[in-house]
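Coordinate analysis (summary)
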Amino acid sequence: MSGIYIHIPFCKQACHYCDFHFSTSTKKKSQLVEMLCEELELRKDEIGRNIQTIYFGGGTPSLLNSEELDLIFKTIFEYFKVSETAEITLEANPDDLTEEVIKMLNASPINRLSIGVQSFFEKDLKLMNRAHNSEEALRSLQLAKHYFDNISIDLIYGIPGQSNEQWKQNLQQALELDIPHISSYALTVEPKTALEKFIEKGKVKPVEDEQYREQFDILIETLTSKGFEHYEFSNYGKPGYHSQNNIAYWLGKPYLGIGPSAHSFDGRSRKWHISNNSLYINSIEAGKLPQQTEELSTTDSYNEYVMTRLRTKYGVNLEDIQEKFGEKYKLHFLKEADRFLQDGLMENSDETFHITPNGKFLSDGIAADLFYIDK
Ligand code: SF4
């Protein structure tokens with residue numbers, strides 16, 4: 001079983017912290033949608049035709065109109081066999097989710113919404129230059145809940161000027177709305193973003209590491225005490241609401257990434273498309289995929305395995321390492337993991353290694369220390 005990821009590279013405005021690929025001009029939207037469909041046809045045999053998850057990411061997929069969505073689904077159903085139990089997610093921004101749009105999405109094959117709320121506080125939304133306001137954040141969720149059961153929201157912590165108390169109130173608001181899945185990310189300052197410039201010029205005060213850590217701890221404590229499972233570093237779900245799309249990705253299942261800047265994985269190699277809408281359109285029109293490919297070495301695959309598994313509840317399994325990568329990698333892992341076991345940052349149960357609650361905030365750094373470096 002495989003997945004399809006479709007990148008919709010348009011946004012109403014640029015959020016100050018964002019370094020994803022998107023354009024704020026939607027002039028080429030319908031042309032690009034046609035090319036997405038062309039690409040689906042071109043690549044129909046690449047990863048097998050049985051599809052278990054479809055994910056519309058971006059950019060802002062909720063900018064698609066019903067004709068554009070219909071065309072994409074018609075193409076997918078023509079060339080792929082989509083499981084009846086497939087999870088079909090669309091990322092949406094609160095300002096797009098009028099009742100009319102939600103009804104349209106509900107009438108389509110989409111069965112899960114991932115809504116980019118980020119914060120319920122007006123001052124946070126302004127600072128991040130989000131297109132929605134706090135009232136729209138609330139109203140979109142109340143409306144969405146009438147039509148969709150499977151809803152996820154994104155919430156950002158570590159926003160400059162956001163106190164721990166306000167962060168708790170954001171989480172409390174999500175709990176009151178009974179949202180069954182929350183993805184929560186620290187606001188990172190990416191190179192060449194407006195946020196980076198504001199910080200350089202002293203207009204925005206950077207957030208101290210300690211505050212990230214405190215808000216991360218508040219997040220885990222608040223959600224796990226209310227029945228959410230912390231099943232991946234940034235993801236929390238009630239039973240039955242864990243993201244199938246993300247789980248497939250972490251477990252290394254193949255997926256086809258369609259659209260500009262989209263990444264694909266076929267089990268052995270990674271491919272990624274050019275991050276430019278016009279060049280993407282021209283290339284697909286000419287019947288050529290605008291992509292680069294990287295064949296993964298055994299060491300690359302081992303390092304990716306360790307990184308993704310330590311971020312999840314699945315952990316690193318020794319038998320898995322032996323089978324997939326061989327004895328050399330298993331011995332390396334055991335040797336390097338020992339100090340983290342001694343320090344109480346990792347634990348071993350039945351030959352499966354997990355990060356302990358004390359080590360969770362450090363999991364990416366711990367994983368990097370367990371990487372194998374080819375000599
Ligand atoms: S809506 Fe999402 S993709 Fe678009 S600019 Fe904002 S964060 Fe980036």
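Report on the accompanying structure. (Residues numbered from 1 in each chain as written. Predicted model: local features only at pLDDT ≥ 70, side-chain atom pairs only at ≥ 80, totals over all residues. Heavy atoms only, no water.)

On to unusual backbone geometry, then. Put simply, Gly58 and Gly59 share a cis peptide bond, and its omega is 20°. Here Gly59 is to be found in the loop between β2 (50–58) and α2 (66–79). Of note, Gln118 is a non-glycine position whose phi angle comes to about 70°, a positive value. On the secondary structure map, Gln118 appears in strand β4 (residues 112–118). Using a relative accessible area of 6% as the deciding quantity, one classes Gln118 as buried. For Lys192, which is not glycine, the phi dihedral falls at a positive 65°. (Helix = DSSP H or I, 4+ residues; strand = E, 2+ residues; numbered from the N terminus. Buried < 20%, exposed > 50% of the residue type's maximum accessible area, 1.4 Å probe, protein only.)

Orientation of helix α1 (residues 29–42) relative to helix α10 (residues 277–285), taken along the N-to-C sense of each, is 45°, at an axis distance of 10 Å. By the criterion of interaxial angle, the relationship of α1 to α10 is oblique. Considering how the two elements wind past one another, α1 and α10 form a crossing that is left-handed. Contacts between α1 and α10 involve Gln31, Leu32, Met35, Leu36, Glu38 and Glu39 on the former and, on the latter, Asn277, Tyr280, Ile281, Ile284 and Glu285. Tallied by class, the residues present in the contact of α1 with α10 amount to 6 nonpolar, 2 polar and 3 charged. (Axes fitted to C-alpha atoms, helices over the stretch in contact; angles between N-to-C directions. Parallel < 35°, antiparallel > 145°, perpendicular 65-115°, else oblique. Left-handed = near helix turned anticlockwise from the far one by under 90°. Contact = heavy atoms within 4.5 Å. Nonpolar A, V, L, I, M, F, W, Y, C, P; charged D, E, K, R; others polar.)

Now for the packing of aromatic side chains. Overall, the coordinates contain 15 aromatic pairs when judged by the stated rule. One aromatic cluster in this structure is built from Tyr157, Trp167, Phe216, Phe233 and Phe361. Its guanidinium or amino end placed over the ring of Phe265, Arg270 lies 4.2 Å from that ring's centre, counting from NZ or CZ. (Phe/Tyr/Trp six-rings, centres within 6.5 Å; stacked < 30°, edge-to-face > 60°. Lys NZ or Arg CZ within 6 Å of the ring centre and 35° of its normal.)

Taken together, the side chains of Glu34, Glu38, Glu41, Glu78 and Glu285 define an acidic patch exposed on the protein surface. Counting residues per element, the negative patch draws most heavily on α1, which supplies 3 residues. Within the secondary structure layout, Glu38 lies in helix α1. (Patch = residues over 30% accessible without salt bridge, like charges linked within 9 Å, V, L, I, M, F, W, Y side chains within 5 Å. Areas by Shrake-Rupley, 256 points an atom, 1.4 Å probe, with all protein chains shown as cover. Salt bridge = Lys/Arg side-chain N within 4 Å of Asp/Glu carboxyl O. Lys, Arg positive; Asp, Glu negative; His and termini not counted. Charge placed at Lys NZ, Arg CZ, Asp CG, Glu CD.)

All right, on to the pattern of salt bridges then. With the rule as written, the count across this model stands at 20 salt bridges. Taking the shortest distance from any N to any O, the salt bridge between Glu46 and Lys271 comes out at 3.2 Å. Of this pair, Glu46 sits in the loop between α1 and β2 while Lys271 sits in strand β11 (residues 269–273); the two residues are 225 residues apart in sequence, bridging distant segments of the chain. Note on Glu46: relative accessible area 27%, which makes it partly exposed. Taking relative accessible area as the criterion, Lys271 reaches 15% and is therefore assigned buried. Lys335 is paired through a salt bridge with Glu336; the nearest N and O atoms lie 3.5 Å apart.

Time to look at the pairing of β11. Burial analysis of β11 places 4 of its 5 residues in the buried class, which makes it a mostly covered element. Relative to β11, strand β10 (residues 263–265) is paired through 3 bridges, and the arrangement is antiparallel. From the neighbouring strand, Ser264 faces β11, where its bridge partner is Lys271. With 5 bridges joining them, β11 and strand β12 (residues 291–295) adopt antiparallel strand pairing. Bridging across to β12, His273 finds its partner in Gln291. (Pairing = 2+ DSSP bridges.)

The full set of residues close to the ligand is Cys11, Gln13, Cys15, Tyr17, Cys18, Phe20, Phe22, Gly59, Thr60, Asn93 and Arg130. In terms of residue class, the shell around the ligand is made up of 6 nonpolar, 4 polar and 1 charged. (Near = heavy atom within 4 Å.)

Turning our attention to helix α13 (residues 327–342). The first and last C-alpha atoms of α13 sit 23 Å apart over 16 residues, in line with the 22 Å expected at 1.5 Å per residue. At Glu336, α13 shows its largest bend, some 30°. Looking at α13, one finds that the buried residues are Tyr329, His332, Phe333, Glu336, Ala337 and Phe340. Buried residues along α13 sit in contact with α11 (298–311), β13 (316–317), α12 (318–325), β14 (346–349), β15 (352–355) and α14 (363–369). Gly344 sits one or two positions beyond α13 and adopts a positive phi of about 75°. (Expected span 1.5 Å × (residues − 1). Bend = angle between axes of the 7 residues up to and from the residue.)

Our focus in this paragraph is a positive patch on the surface. Positive charge collects at one region of the surface, where Lys192, Lys197, Lys201 and Lys203 lie side by side. Considering the arrangement of structural elements, one finds Lys201 in the loop between α7 (194–200) and α8 (209–224). The class for Lys201 is exposed, based on a relative accessible area of 60%.

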